[in-house]
Amino acid sequence: MTSPLELAYRGAHLDPASRSHLEELTASWSLLADLCFSDLLLYAPLERLAAEPSGREQRLIVVGQVRPTTSQTLFEIDLVGEVIAGAELPLVVEALHTGAIAVGEQRYEPGEGHLRLECIPVRCSGKVVGVMTRVWNPSVGRRRGTLERVYLDLFERFSVMVADGIFPFTDDELPGEHLPRVGDGVIVTDERGRVTFSSPNAVSALHRVGIRSATIGSTLQGVGLDTTVVEDSFASRLPVVEEIEGRSEVVLLLRSIPLVNRDEPTGALVLLQDVTDLRHRDRLLLSKDATIREVHHRVKNNLQTISSLLRLQARRIEAPAGRTALAEAERRIRSIAVVHEILSRDASDQVPFDEIVQALVRMARETSVGPYDVTVSVEGELGEIPAESATPMSVVIAELLQNAIEHGFPEPAEGVAQAGASGVAPPRVELVFGHDAKHYEVVVRDNGVGLPSSFDIDETRSLGLSIVRDLVRTQLSGTITMESDPRTADGGTTVRLEIPAHRSV
Ligand SMILES: Nc1ncnc2c1ncn2[C@@H]1O[C@H](COP(=O)(O)OP(=O)(O)O)[C@@H](O)[C@H]1O
Ligand SMILES: [Mg+2]
């Protein structure tokens, strides 16, 4: 859907450079609204500027609106996209045509009484492309104190910069970055970086980093702040952001905006904010991720320890049955460790399952003992799956792979031809993955001897398939089928799993 703002810009008579200049202004002008305690509206011409200076026929369209956070708003409604005849806003038309700031009274809406308007032409590459209008009601304004006077003076200086095409700054920092606002704390300096004003919030923030002395007349370094933001912003003629760590781990975020007149810095507006809590939270979040990774890492190490213990113990057992049992247990533990190895790399709750599959295939080929060299191929993918499904899924796939390699292609009995023996199709196991929004599908297919004729997955008592059955049905809420079709040329066994993607836990 096209936004009202986009529609407003399409209606306005602006070339692309002018439009992006106005957009940059509205990206950074909440600062200005806060400084003048007023609503700001941005007007653009609806059609080409009329040649004659009166411009009564000129129509205007609102392409920006911002409310102050330091005062109440006059406009409850959104005015973006509104078209106004120039005759109704003569001051705006005047600023548009003369390129000079126009101030006066104006009746906006019937019943609202008279409002004050300050119309500031917005210049871009030497020409006026729009008008930024400050609207306020003098009878409901704030009581005027020092702070109000300083802020309004700053607004006037910014207005001149807007009219001169210096504000908004091009190459200003990335939008979206957290920046301090007027309400967080304001320091004003003169052209040599000496402080001429600190707002109460700025004074409090400075107290928190241990600065209690009077700041007026000193530079920021002079009062003990280890920063060169003001000097840097003078040198670059651009806003500069810096974060400094003061005493007792208090972190201050500073943003110095140079006030520029005829290309000379005449002072700086420094916004500052105590961001200790914010940074502390960032760090906690980071360390939470790190902790999760560390836990997975330790689980993996513990599983590896268990698996080596089992291996050591298996070597000391004479009875082949016992040996096999321990070797199988060791293998199962290892397939769980594979999952934790991958989980320990990042803390997300989705696991890239295809990486796990690679590891499981490698493991199955290493641990399966059989007379044949069985090719294992993987087709399709599952993508990312929830971490809690990854472990049971891995154990299941490891069992099925193992069975396909071991039971599909057993030692040939003396004199009996076996599937996969020379002359027949080469021994092969295929893993096929697929998924849609609702299901994961896993197929393990081999071209081996096929299942015993009496085989029934629900009846089998052996450990491997009991584990598989149990994990698929209870932990994954899925279904499993196993079949051998002697009529197909390949014979062999096909195991099919269907697992719902969103389980209700
Ligand atoms: N892919 C397969 N091809 C042929 N037979 C299989 C296959 N998978 C399982 N079986 C049969 O099912 C039986 C049970 O398997 P399982 O429960 O994993 O126990 P184990 O692997 O310890 O024998 C196997 O002994 C084998 O007879
Ligand atoms: Mg088995």
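Just so it is clear, the structure is predicted and the values come from calculations on it, not from any experiment.

**Examining the sheet that holds strand β3 (residues 83-85)**
Part 1 of the reasoning: Strand order in the open sheet formed by six strands is β3-β2-β1-β6-β5-β4, and the pairing between neighbours is antiparallel. The open sheet has two edge strands with one neighbour each: β3 and β4 (102-107). Direction aside, neighbouring strands of the sheet carry axes that sit 35° apart on average.
Part 2 of the reasoning: As defined by bridge partners, strand β1 (residues 39-45) adjoins strand β6 (residues 127-136) across five bridges and the pair is classed as antiparallel. Note that in β6 the partner of Leu40 across the bridge is Arg134.
Part 3 of the reasoning: In the packing of helix α5 (residues 146-164) onto the sheet, contacts are made with β5 (114-124) and β6, and the angle to β5 comes to roughly 45°.

**Examining the domain arrangement of the chain**
Part 1 of the reasoning: The assigned domain composition of the chain is domain 1 (4-164), domain 2 (182-274), domain 3 (277-347) and domain 4 (351-505).
Part 2 of the reasoning: The distance between the C-alpha centroids of domain 1 and domain 2 comes to 29 Å.
Part 3 of the reasoning: Counting residues at the interface gives eleven residues for domain 1, matched by nine residues for domain 2.
Part 4 of the reasoning: At six residues, α5 tops the list of elements feeding residues into the side of domain 1 that touches domain 2.
Part 5 of the reasoning: Grouping the constituent residues of the side of domain 1 that touches domain 2 by class yields seven nonpolar, two polar and two charged.

**Some words on the site of ligand 1**
Part 1 of the reasoning: Every one of the 17 residues lining ligand 1 counts as a neighbour, but Asn403, His407, Ser462, Gly464 and Leu465 are closest to it.
Part 2 of the reasoning: The set of elements that each furnish at least two residues to the shell around ligand 1 consists of α11 (387-408) and α12 (463-475).
Part 3 of the reasoning: The dominant element in the shell around ligand 1, judged by the number of residues it contributes, is α11, at five residues.
Part 4 of the reasoning: Class assignment for the residues of the shell around ligand 1 results in six nonpolar, nine polar and two charged.

**Overview of the pairing of strand β15 (residues 428-435)**
Part 1 of the reasoning: Sheet analysis places strand β13 (residues 375-379) next to β15, joined by five bridges and oriented parallel. Note on β15: the bridge partner recorded for Val376 is Val429.
Part 2 of the reasoning: Remark: three residues form the turn of the hairpin made by β15 and strand β16 (residues 439-446), two consecutive strands paired antiparallel.

**Structural notes on the packing of helix α10 (residues 353-367) against α11**
Part 1 of the reasoning: Two numbers describe how α10 lies on α11: the axes approach to 10 Å, and their chain directions differ by 35°. Relative to α11, α10 is oriented so that their crossing is right-handed. Of the residues in α11, those in contact with Phe353, Ile356, Leu360, Val361, Met363 and Ala364 of α10 are Ala390, Ser394, Ile397, Ala398, Leu401, Gln402 and Ile405.
Part 2 of the reasoning: Per-class residue counts for the contact of α10 with α11 are eleven nonpolar, two polar and no charged.

**Focus on the sheet that holds strand β8 (residues 195-198)**
Part 1 of the reasoning: Taken in spatial order, the five strands line up as β8-β7-β11-β10-β9 in an open sheet, and their pairing is antiparallel. Of all strands in the sheet, those bounded by a partner on one side alone are β8 and β9 (240-245). Each strand of the sheet is rotated relative to its neighbour by a mean of 20°, with strand direction disregarded.
Part 2 of the reasoning: Here strand β7 (residues 186-189) pairs with β8 via three bridges, running antiparallel. Considered in β8, the bridge of Thr189 is made with Val195.
Part 3 of the reasoning: Lying over the sheet, helix α7 (residues 229-236) contacts β7, β9, β10 (251-261) and β11 (264-274), oriented at roughly 35° with respect to β10.

**Comments concerning the environment of Ala364**
Part 1 of the reasoning: Note that Ala364 resides in helix α10.
Part 2 of the reasoning: Note: C-alpha distance between Ala364 and Ala398 (34 residues apart in sequence) is 6.7 Å.

**Notes on the packing of α11 against α12**
Part 1 of the reasoning: For the pair α11 and α12, interaxial distance at closest approach is 9 Å and the crossing angle is 145°. In this structure, α11 meets α12 at a crossing whose hand is left-handed. Contacts from Pro392, Val395, Val396, Glu399, Leu400 and Asn403 in α11 reach Gly464, Ile467, Val468, Leu471, Val472 and Gln475 in α12.

**Quick notes on the environment of Arg237**
Part 1 of the reasoning: With respect to the helices, strands and loops of the structure, Arg237 is situated in the loop between α7 and β9.
Part 2 of the reasoning: Spatially, the C-alpha atoms of Arg237 and Phe169 are 8.6 Å apart, while their sequence positions differ by 68 residues.
Part 3 of the reasoning: With near-sequence residues (within four places) excluded, Arg237 lies in contact with Pro258, Val260 and Pro265.

**Brief notes about unusual backbone geometry**
Part 1 of the reasoning: For the bond from Phe167 to Pro168, the omega torsion is 5°, close enough to zero to count as cis.
Part 2 of the reasoning: With respect to the helices and strands, the residue Pro168 is situated in the loop between α5 and β7.
Part 3 of the reasoning: Unlike most non-glycine residues, Ser477 shows phi in positive territory, near 50°.
Part 4 of the reasoning: Summarising the element assignment, Ser477 is placed in the loop between α12 and β17 (479-484).
Part 5 of the reasoning: Overall, the presence of 13 C-beta atoms within 10 Å leaves Ser477 in the partly exposed class.

**Quick look at the confidence of the model for the chain**
A low pLDDT score tells you not to read the predicted coordinates there in detail.
Part 1 of the reasoning: Summing up the model confidence of the chain, the mean pLDDT is 88 and the portion of residues at 70 or higher is 92%.
Part 2 of the reasoning: Highest mean pLDDT in the chain belongs to β7 (97); lowest belongs to strand β12 (residues 350-352) (86).

What counts as what
- Residues numbered from 1 in each chain as written.
- Chains lettered and ligands numbered in written order.
- Predicted model: local features only at pLDDT ≥ 70, side-chain atom pairs only at ≥ 80, totals over all residues.
- Pairing = 2+ DSSP bridges.
- Helix = DSSP H or I, 4+ residues; strand = E, 2+ residues; numbered from the N terminus.
- Axes fitted to C-alpha atoms, helices over the stretch in contact; angles between N-to-C directions.
- Contact = placed C-beta atoms within 7 Å.
- Domains from an automatic or database assignment.
- Nonpolar A, V, L, I, M, F, W, Y, C, P; charged D, E, K, R; others polar.
- Near = placed C-beta within 6 Å.
- Left-handed = near helix turned anticlockwise from the far one by under 90°.
- Buried ≥ 20, exposed ≤ 12 C-beta atoms within 10 Å, placed from the backbone.
- pLDDT = per-residue confidence, 0-100.

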